[in-house]
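Examining the three-dimensional arrangement
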Amino acid sequence: MTDFLMKPKIDFAFKEIMMNEQARIGFLSAVLGLDPADIRETKILNTNLRKEHEDDKLGILDVRVSLNDDTEIDIEIQLSPLSVWADRSLFYTAKMYTEQIHAGEDYSAFKKCVSISVLDFKLFGDELGFYSCFHISEDTKRVLFTDKMEFHVLELPKLPKELKEDASDILLWAKFINAERKEEFDMLASRNKYIESAYEQLRVISQSAEKRLEYEAREKAIRDHNQMMYEARSEGLKQGIEEGLERGLEQGMRQGMKQGIEQGLEQGRAEGRIEGIQALILDNLEEGVSKEKTLSKLEKRFGLTQEQAAQYFRQFAQCE
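What you see as residue numbers is a count from 1 along each chain, following the sequence as written. Since the coordinates come from a predicted model, pLDDT governs what is reported: local features require at least 70, and pairs of side-chain atoms require 80 or more to be given and counted, while whole-chain, interface and lining totals use all residues. With hydrogens and water excluded, all non-hydrogen atoms of the structure serve as input to the side-chain values.

**Re the overall build of the protein chain**
Each helix is a run of DSSP H or I of at least 4 residues and each strand a run of E of at least 2, with the numbering of both proceeding from the N terminus. Along the protein chain, the regular secondary structure elements total 10 helices and 6 strands. Expressed as a percentage of its 320 residues, the buried residues of the protein chain come to 42%. Residue contacts follow a heavy-atom distance rule, with two residues in contact if any of their heavy atoms lie within 4.5 Å. Looking at the protein chain alone, contacts between residues at least 24 apart form 62% of all its contacts between residues at least 6 apart. Each accessible area is a Shrake-Rupley estimate made with a 1.4 Å probe; only the visible protein chains count as cover when residues are assessed. Only carbon and sulfur atoms are counted for the fraction: they give 50% of the accessible area of the protein chain, which is about 18200 Å². Residue exposure (1.4 Å probe, protein chains only): buried if accessible area is under 20% of the type maximum, exposed if over 50%, otherwise partly exposed.

Put into C-alpha cells, the structure is as follows:
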C-alpha cells in the first residue's frame, strides 16, 4: 500500500484533492487565468442543487466552489464519452445560477457562475485544443451578452506527450489530473507549488485504507459501466453487419449495403434510447426517488413493459 497512488481523474480522488485549499486556489487560478494572490478565499459549497418542485431534476455536482467575490464554480470530471455533455453542463450551470435568487430580491442578486469540465474524451473532435473557454456573445461582433455564465472545457486525450519548459499552468494541471505514475507526479509537483500541495493531498488520501476502499469501489463502477456500454455497442455492430450481409445475399450487393447502413442508424438510435433509460434511472437514484415511481416513469416515457423496466433498473442501478 505504501507505493499506491490514486488516479486524480477518478472523481472520488479529485474531490478529495480539492478539499485542500492550496490545491483549489492553484487549480482555479490556472483555469480562470487569475493571479493566485488575488484569490483570498475559496469555500467548498453543498454540492446538492436545490429542488424547487417534486419533478425537478436534482443536480449533484462533483465539486462546487465559491470564490471571495461570490463567483460560484462547478467542477466536474467525466470519464465515459457523453455526447450531450454540453447540454448537461448548461443545465447544471443554469440551475446553479437561478437558485441564487429568492423571493423579494431583484436581479442584482445574481453572481457569476462558472462551469469547469474535465473530460477523458474528445467533445469537439480535433477542432479545438485541449483547453477551451466559452461565453455567451453575439454571433458576428462577439460582443459579450453577459459575463454571468462561463464554460471551461479540458479534454485530456488531446494533451501533448511532452512538456516544454514554458508550459502553462493549466497544461501542468491537466497533466497532473491525467497522470498515473509517481515519476509524472514528482516532475509536475517540482514545477508548480500548488500542484505540489495537490500531490501531497493525493499521497495522504492514497494511504487511507477507508478512502482507498471508496476509491476502488468508484473505479470498479466506472470500469463496469464502460464495459457494459462497449459490449452493447459491439453487439449492435455485430447484429448490423450480420443482418446487412444476410439481406445483401438475398437482394444483391447494393441493396444489402443500403440495408446495413439503415441497420447501423437504427442501432445508433437504440443505443441513444438505452443511454436515456440509464440517465433516468441514475438521476432518480440520486434524487432518492422510490423504485416503484422510477419504474412507472420508465414505462411511460419509453413505452416499456413492467418486466422490461424492472430489468433495466436492475442492470443500471448497480452502476450507481
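**A word on the packing of helix H2 (residues 21-32) against helix H4 (residues 169-178)**
Convention adopted: a line fitted to C-alpha atoms gives each axis, helices being fitted over their contacting stretch, and angles between N-to-C directions are expressed from 0 to 180 degrees. Contact geometry of H2 with H4 gives a least axis separation of 8 Å together with a crossing angle of 125°. The angle between the axes of H2 and H4 places the two elements in the oblique class. Between H2 and H4 the crossing geometry is left-handed. In this structure, H2 contributes Ala23, Gly26, Phe27, Ala30 and Val31 to the contact, and H4 contributes Asp169, Ile170, Trp173 and Ile177. Oblique is the label for every angle not falling under 35 degrees (roughly parallel), over 145 degrees (roughly antiparallel), or within 65 to 115 degrees (roughly perpendicular). Crossing chirality is assigned from the near helix's rotation relative to the far helix, an anticlockwise turn below a right angle marking it left-handed and a clockwise turn marking it right-handed.

**Looking at the pattern of salt bridges**
By definition, a salt bridge exists where a carboxyl oxygen of Asp or Glu is found within 4 Å of a side-chain nitrogen of Lys or Arg. According to the stated counting rule, one finds 15 salt bridges in the structure shown. Note that arginine 64 and glutamate 72 form a salt bridge whose closest N and O atoms lie 2.5 Å from each other. Judged by its relative accessible area of 14%, glutamate 72 falls in the buried class. With a shortest N-O distance of 3.0 Å, glutamate 155 and lysine 158 are connected by a salt bridge. Grouping residues by exposure puts glutamate 155 and lysine 158 together as buried. Shared partners join several salt bridges into a network, and the residues in it are Arg64, Glu72 and Glu99.

**Some remarks on the nonpolar core**
As used here, the term nonpolar core means buried Ala, Val, Leu, Ile, Met, Phe, Trp, Tyr and Cys residues forming a set that is joined through side-chain atoms within 4.5 Å. Ranked by internal contacts, the top residues of the largest apolar core, which has 52 residues, are Phe27, Ile75, Ile116 and Phe176. Aside from chain neighbours lying at most four places away, what touches phenylalanine 176 is Pro8, Ile17, Phe185, Leu188, Ile195, Ala198, Tyr199 and Leu202. Residues Met228, Leu280, Ile281 and Leu304 belong to the second largest nonpolar core, which totals 11 residues.

**Points about the sheet that holds strand E4 (residues 113-119)**
Only strands joined by at least two bridges in the DSSP assignment are considered to pair. If you trace the 6 strands from one edge of the open sheet to the other, you get E1-E2-E3-E4-E6-E5, paired in mixed fashion. Two strands bound the open sheet, and with one partner strand each, they are strand E1 (42-44) and strand E5 (131-137). For this sheet the average axis-to-axis angle between neighbouring strands, irrespective of direction, equals 20°. Note that E4 and strand E6 (residues 144-155) share 7 bridges and pair parallel. When the bridges of E6 are listed, serine 117 appears paired with valine 153. Here H2 sits on the sheet in contact with E1, strand E2 (63-67), strand E3 (72-78), E4, E5 and E6, set at roughly 95° to E4.

**Observations concerning the pairing of E6**
Consecutive side chains of a regular strand alternate in pointing toward one face of the sheet and then the other. Pairing between E5 and E6: 7 bridges, direction antiparallel. Its bridge partner lying in E6, cysteine 133 is registered against histidine 152. The hairpin formed by E5 and E6 contains 6 residues between the paired strands, and arginine 142 there has a positive phi angle of roughly 60°.

**Focus: the environment of glutamine 207**
Summarising the element assignment, glutamine 207 is placed in the loop between helix H6 (193-206) and helix H7 (209-251). Between the alpha carbons of glutamine 207 and methionine 6 there is a distance of 9.4 Å; along the sequence they are 201 residues apart.

**Some remarks on the confidence of the model for the protein chain**
Regions with low pLDDT should not have their predicted coordinates read in detail. pLDDT measures how confident the predictor is about each residue, on a scale from 0 to 100. In the predicted model, the protein chain carries a mean pLDDT of 84, and the fraction of residues at 70 or more is 81%. Element-level pLDDT for the protein chain is lowest in helix H8 (residues 253-287), with a mean of 71, against a maximum mean of 98 in H4. Considering only residues more than four positions removed or in separate chains, one finds that residues 56-60, a stretch of pLDDT under 50, has 22 contacts.

**Brief notes about the pairing of E3**
Among the 7 residues of E3, 7 are classified as buried, and the element is accordingly described as predominantly covered. The alternating pattern of E3 places Glu72, Asp74, Glu76 and Gln78 and Ile73, Ile75 and Ile77 on opposite faces, both of which are buried. Connecting E2 to the next strand, E3, in antiparallel fashion are 4 residues, including aspartate 70 with a positive phi near 75°. Direction of pairing for E3 relative to E4: parallel, over a ladder of 7 bridges.

**Considering the environment of leucine 172**
Tracing the chain through its elements places leucine 172 in helix H4. Judged by relative accessible area, which is 2%, leucine 172 ranks as buried. Between the C-alpha atoms of leucine 172 and arginine 191, which are 19 residues apart in sequence, the distance is 8.2 Å. Filtering out sequence-adjacent residues up to four positions away, leucine 172 remains in contact with Leu163, Ala167, Leu188, Arg191, Asn192 and Ile195.

**Description of unusual backbone geometry**
Glycine aside, the phi torsion of most residues is negative, and most peptide linkages are trans. Positioned with a positive phi, aspartate 70 is a non-glycine residue whose angle comes to about 75°. By secondary structure assignment, the location of aspartate 70 is in the loop between E2 and E3. You can call aspartate 70 partly exposed: its relative accessible area is 38%. One non-glycine residue with positive phi stands out, namely arginine 142, at about 60°. Structurally, arginine 142 is set in the loop between E5 and E6.

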